[in-house]
Amino acid sequence: MGSWMWACVTDFFTYETTKSVVVKSWSVGIINRIVQLLIITYFVGWVFIHEKAYQVADTGIESSVMTKVKGFGYHNNRVMDVADYVSPPQGAGVFCIMTKIIITENQFQGRCAEAVSTFTCDKDEDCHKHFGAILSNGVITGVCLKPSNDSRGQCEIEGWCPAENDNVKIKPMLEVKNFTIFIKNSIRFPRFNVTRGNFASSMTAAEIRNCTYHPETNPLCPIFRVGDVLNYTGQSVKSLADKGGEIGINIQWKCNLDLDIENCKPEYSFTRLDAPFEKNAISKGYNFRFAKYFKTENGTEFRTLHKAYAIRFDVMVTGNAGKFDTIPTLINLVAAFTSIGLGTVLCDIILLNFLKGAEQYKAKKFEEVSEAQIEASLAQSPGSQLSLRPGIKSSYDSGAISLATTDQPI
């Protein structure tokens, strides 16, 4: 019993190593080194340098945007200032610059003829099919209003009268191309407690007033000329002023916090957001309605309706920050060293299946033992393992051959 326990202890405290087969083949050796070089290049060039996998990232950017528009234009023989053409007036990250406004003045609650050509009629029954219509300017009453018996009429509506007629031709305000947009953007990466602004705090008021954004000559100026912004998207004021459109201004922050914090700067890009609908027959461009309400001396309410065609600007802020951290570095280093072993796997596949002499390589790499060999060895020398010399042992863990120190030549 004691000898069996001692054997278990000595077998446990042993070291095993794998058997290596050296194959002196130029083709296999070159393939092995090329695969290893590609793997190393991928991890160094893409994973560590390009993707910066040695860093921990913060993508939960916190952002605040404030905007101001400046400029004057002419519309319907009136001078338009910021209070006339910007909506909403609070200076948020989403705002509209109106380029054309159709005004219907002095609307009172009552009944009148519909102005839309879809609701023409010859008799009352022609209007009954429009009950519940949502494209009219009011509730269809079912009455056909005709100026004379020989002419076609319009269905009667109940609502704000006179009904709006948006088919009138109005020249848009083209001076919008010279308007300027001031964007003030502050961001924070909460994981690293880093706060930045889209222009340097050292810039003076005079410098800001006199600068205009340009992607190459002045990439950090916070003032953007509307005409330039549209040109960056491949559009023009003439193409958008009549029907309106939606323009996106993206502020991207990509900050490497292992470098100087002053290198954390914004990059601007511009796109037309409603491009998929640019050539549609319906729902083309961008427009909205708003009204201004008044009361007569006797307290009757009336209003002035505005249908505005506008260029809508959406200021979007995206970004991420990264900083060196030990854990992702170790994880990706281990992955890199492990992946280098793929070269050995590929070379083994080639050696075992495609090259001349594959059988000889198999014989060197793999050792097959049959039950007949085990029984013959046990019959010749009971208690021995196969045909090993006395003193040479086989590990109980994996069957790899291990040599005792007493068997080594001195």
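So, here is what we can say about the structure in this document. (Residues numbered from 1 in each chain as written. Predicted model: local features only at pLDDT ≥ 70, side-chain atom pairs only at ≥ 80, totals over all residues. Heavy atoms only, no water.)

### Notes on the overall build of the protein
Where we set the bar: Under the DSSP-based scheme used, a helix requires at least four consecutive residues in state H or I and a strand at least two consecutive residues in state E, with every element numbered from the N terminus. Think of it in three bands: with a 1.4 Å probe and only protein chains considered, a residue is buried below 20% of the maximum accessible area for its type, exposed above 50%, and partly exposed in between. Residue contacts follow a heavy-atom distance rule, with two residues in contact if any of their heavy atoms lie within 4.5 Å. The method behind every accessible area is Shrake-Rupley, applied with a 1.4 Å probe, and residues are considered shielded solely by the protein chains displayed.
Within the protein, the regular secondary structure consists of 11 helices and 18 strands. The burial tally for the protein puts 34% of its 410 residues in the buried class. Look at the contacts in the protein between residues 6 or more apart in sequence, and 67% of them connect residues 24 or more apart. Total accessible area on the protein is roughly 26400 Å²; 56% of this is exposed by carbon and sulfur atoms.

### Section: the nonpolar core
Let me state the cut-off plainly: Each nonpolar core is a collection of buried residues, namely Ala, Val, Leu, Ile, Met, Phe, Trp, Tyr and Cys, held together in the definition by side-chain atoms within 4.5 Å.
Among the nonpolar cores identified, the biggest contains 50 residues, and V69, Y85, I97, F179, V226, W253 and F313 are the most heavily contacted of them. Elements represented by at least two residues in this core include exactly strand 6 (94-113), strand 10 (180-189), strand 12 (223-225), helix 6 (226-232), helix 7 (237-241), strand 13 (245-256), strand 14 (266-272) and strand 16 (301-324). Top contributing element to this core by residue count: strand 16, with 7 residues. Among residues more than four places away in sequence, those in contact with Y85 are V69, K70, G71, F72, M80, C96, I97, M98, M173 and F179. Membership of the second largest hydrophobic core comes to 10 residues, among which are C121, I140, C155 and A163.

### Things to note about the state of the cysteines
Working definition of a disulfide: a covalent bond connecting the sulfur atoms of two cysteines. Just so we agree on the cut-off: Two cysteine sulfurs form a disulfide in these notes if their separation is within 2.5 Å.
Applying the stated rule across the entire model yields 5 disulfides. With its sulfur 2.1 Å from that of its partner, C127 forms a disulfide with C155. With the S-S bond torsion at -100°, the cross-link from C127 to C155 turns out left-handed. Residue C127 is located in helix 4 (residues 124-128), and its partner C155 is located in strand 9 (residues 153-161); the two are separated by 28 residues in the primary sequence.

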